[in-house]
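Residue-level structural notes
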Amino acid sequence: MLNIILMGPPGAGKGTQAMKIIAKYQIPHISTGDMFREAIAEGTPMGKTAAGFINAGNLVPDDVTIALVRERLSKPDCAHGYLLDGFPRTIPQAEALDTLAKEIKRPITLVIDFECARPELIRRISGRRVCAVCGAPYHVDTLKPKVEGICDLCGGKLIQRKDDNVESLIVRLEAYESKTKPLLEFYKKRKLLVSVDGLKGVDVLFQELVPLLDRIGTK
Ligand code: ADP
Ligand code: ZN
């Protein structure tokens, strides 16, 4: 059963691998960042609450984030697995996820941690562009779309995220260090954690993930 979590600092390559994983394994991609950005674009009350935190690089409060994931995980498409990208990011979120996953009888089967050093994270985030429609990530130098400014996957327009600037990124990296990194120990203790080298090329890394996912998927 593929009930997976992708973890790692912003820019480590989670979103890029997520797009490849969902295409091959046909499981829903649950990206809390994408869900928040959709809520902001729609102007919902939750989106309005989240926007201030996100643009400054801070985490959205746990109660808001957990409620969002609770609703998403209870949808029928998660009954055959799911890929969490960007959640959990704090210990209380990980504890809440345990309960939610039990409720839908889909306990976490694998946590993939993307390791990537700070200078590379900064380089990637400052050149990052994302599809305004499907969220697919690109980079101005190293991951260009076939047609400039246009998403390969859906034809959507590529934009730069509001929080992809150096000031917000410094705050995001600090939040990662202090709040999210402790989760590695949390999942290591449960023998669910696998670390991969986020510096590797997109395709090389995906080829490493496939056997791992195949093995977990058939269990
Ligand atoms: P990145 O991994 O590049 O930082 P995401 O798209 O995953 O980007 O998240 C963007 C922002 O959305 C985060 O900086 C944070 O403000 C908010 N966010 C996303 N997921 C969570 C979460 N699980 N808990 C709290 N805030 C979150
Ligand atoms: Zn797209």
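Residues numbered from 1 in each chain as written. Chains lettered and ligands numbered in written order. Predicted model: local features only at pLDDT ≥ 70, side-chain atom pairs only at ≥ 80, totals over all residues. Heavy atoms only, no water.

1. Some thoughts on the site of ligand 1
Note the threshold: When we say a residue is near a molecule or strand, we mean one of its heavy atoms is within 4 Å of it. Residues adjacent in sequence count toward polar contacts only when both atoms are side-chain atoms; beyond that, a polar contact is any pair of N or O atoms within 3.5 Å, and within protein one must be able to donate a hydrogen and the other to accept it. Here the Shrake-Rupley method, with its probe set to 1.4 Å, supplies the accessible areas, and only the displayed protein chains count as covering residues. Nonpolar residues are Ala, Val, Leu, Ile, Met, Phe, Trp, Tyr, Cys and Pro. Charged residues are Asp, Glu, Lys and Arg, and all others, Gly as well, are polar. Where each domain begins and ends follows an automated or database-derived domain assignment.
Neighbouring ligand 1 are 19 residues, the closest being Thr32, Arg37, Asn58, Gln93 and Arg128. Within the contact set of ligand 1, an oxygen atom lies 3.4 Å away from a side-chain nitrogen or oxygen of Lys14. Between Thr32 and ligand 1, the recorded distance is 2.7 Å, taken from a side-chain N or O atom to a nitrogen atom. Contact with the protein chains hides 96% of the accessible area of ligand 1, taken as 540 Å² for the molecule alone. For the shell around ligand 1, the class distribution of residues is 6 nonpolar, 6 polar and 7 charged. Counting only domains with at least three residues in the shell around ligand 1, you end up with domain 1 (2-117 + 169-217) and domain 2 (128-163).

2. Focus: the coordination of the zinc ion (ligand 2)
Inclusion rule: The donor set comprises N, O and S atoms within 2.8 Å of the metal, extended to 3.2 Å for Na, K and Ca; water molecules are omitted, so apparent gaps in a site may simply reflect that omission. Here the metal geometry follows the donor angles, with tetrahedral for four donors whose angles all fall between 85 and 135 degrees, square planar for four and octahedral for six when opposite donors are more than 155 degrees apart and every other angle is between 65 and 115, and irregular for all the rest. Secondary structure elements follow DSSP: runs of H or I of four or more residues count as helices, runs of E of two or more count as strands, with numbering from the N terminus. The classification of residues rests on relative accessible area computed with a 1.4 Å probe and restricted to protein chains. Under 20% of the type maximum is buried, over 50% is exposed, and intermediate values are partly exposed.
Taken together, Cys131 (SG), Cys134 (SG), Cys151 (SG) and Cys154 (SG) make up the protein donors of the zinc ion (ligand 2), found 2.3 to 2.4 Å from the metal. Coordination geometry of the zinc ion (ligand 2): the 4 donor atoms subtend angles of 97 to 116 degrees at the metal centre, consistent with an arrangement described as tetrahedral. Counting the intervening residues between successive donors of the zinc ion (ligand 2) yields the motif C-x2-C-x16-C-x2-C. Taken as a pair, Cys134 in the loop between β5 (128-131) and β6 (137-139) and Cys154 in the loop between β6 and β7 (158-159) lie far apart in primary sequence, 20 residues in all. Look at Cys154 and you get partly exposed, because its relative accessible area is 38%.

3. So, the pairing of strand β4 (residues 110-115)
To keep it simple, the criterion reads: Two strands qualify as a pair provided that DSSP identifies no fewer than 2 bridges between them.
Summarising burial for β4: 5 of the 6 residues are buried, a large majority. By the bridge criterion, 4 bridges tie strand β1 (residues 3-7) to β4 in an arrangement that is parallel. Considered in β4, the bridge of Ile5 is made with Val111. With 5 bridges joining them, β4 and strand β8 (residues 193-197) adopt parallel strand pairing. Within β8, the position partnered with Phe114 by the bridge is Val196.

4. Topic: the sheet that holds strand β2 (residues 29-31)
For clarity, the cut-off: To obtain an axis, a line is fitted to C-alpha atoms, over the contacting stretch when the element is a helix, and the angle between two such axes runs from 0 to 180 degrees between their N-to-C directions. By definition, residues are in contact when any of their heavy atoms lie within 4.5 Å.
Read across the open sheet, the 5 strands follow the order β2-β3-β1-β4-β8; overall the sheet is parallel. Each edge of the open sheet is held by one strand with a lone partner, namely β2 and β8. Neighbour to neighbour, the strand axes of the sheet diverge by 20 degrees on average, direction disregarded. Sheet strands touched by helix α2 (residues 32-42): β2 and β3 (82-85). Its angle to β2, the strand with the most contacts, is close to 70 degrees.

5. Description of the packing of aromatic side chains
What counts, and what does not: Two rings from Phe, Tyr or Trp (for Trp, the six-membered ring) form a pair when their centres sit within 6.5 Å of each other. Planes less than 30 degrees apart are called stacked, planes more than 60 degrees apart edge-to-face, and all others tilted. A ring is considered to have a charge above it if a Lys NZ or an Arg CZ atom is located within 6 Å of its centre and within 35 degrees of its normal.
Following the criterion strictly, the structure yields 1 aromatic pair and no others. Between Phe186 and Tyr187, the ring centres sit 4.9 Å apart and the planes meet at 80 degrees, which makes this aromatic pair edge-to-face. Of the residues examined, Phe186 reaches a relative accessible area of 14% and is grouped as buried. Sitting over the ring of Tyr25, Lys24 keeps its end group 5.5 Å from the ring centre.

6. Let's talk about the confidence of the model for the chain
Any segment with low pLDDT has predicted coordinates that should not be analysed in fine detail. In plain terms, the rule: A residue's pLDDT is the predictor's confidence in that residue, given on a scale from 0 to 100.
The pLDDT averaged across the chain works out to 95; a share of 100% of its residues lies at or above 70. Looking across the chain, the model is least confident in β6, with a mean pLDDT of 92, and most confident in β3, with 98.

7. Focus: the domain arrangement of the chain
Going by this rule: Any Lys or Arg side-chain nitrogen found within 4 Å of a carboxyl oxygen on Asp or Glu counts as a salt bridge.
Splitting the chain by domain gives domain 1 (2-117 + 169-217) and domain 2 (128-163). Averaged C-alpha coordinates put domain 1 and domain 2 at centres separated by 20 Å. Along the contact surface separating domain 1 from domain 2 lie 1 salt bridge. Here Asp163 and Arg172 are joined by a salt bridge, their closest N and O atoms 3.9 Å apart. Joining domain 1 to domain 2, the criterion identifies 1 residue pair in polar contact (both at pLDDT 80 or more). Looking at the side of domain 1 that touches domain 2, the elements that each hand over two or more residues are α1 (14-25), α2, α3 (45-56) and α7 (166-180). Broken down by element, the side of domain 1 that touches domain 2 gets its largest block of residues, 3 residues, from α1.

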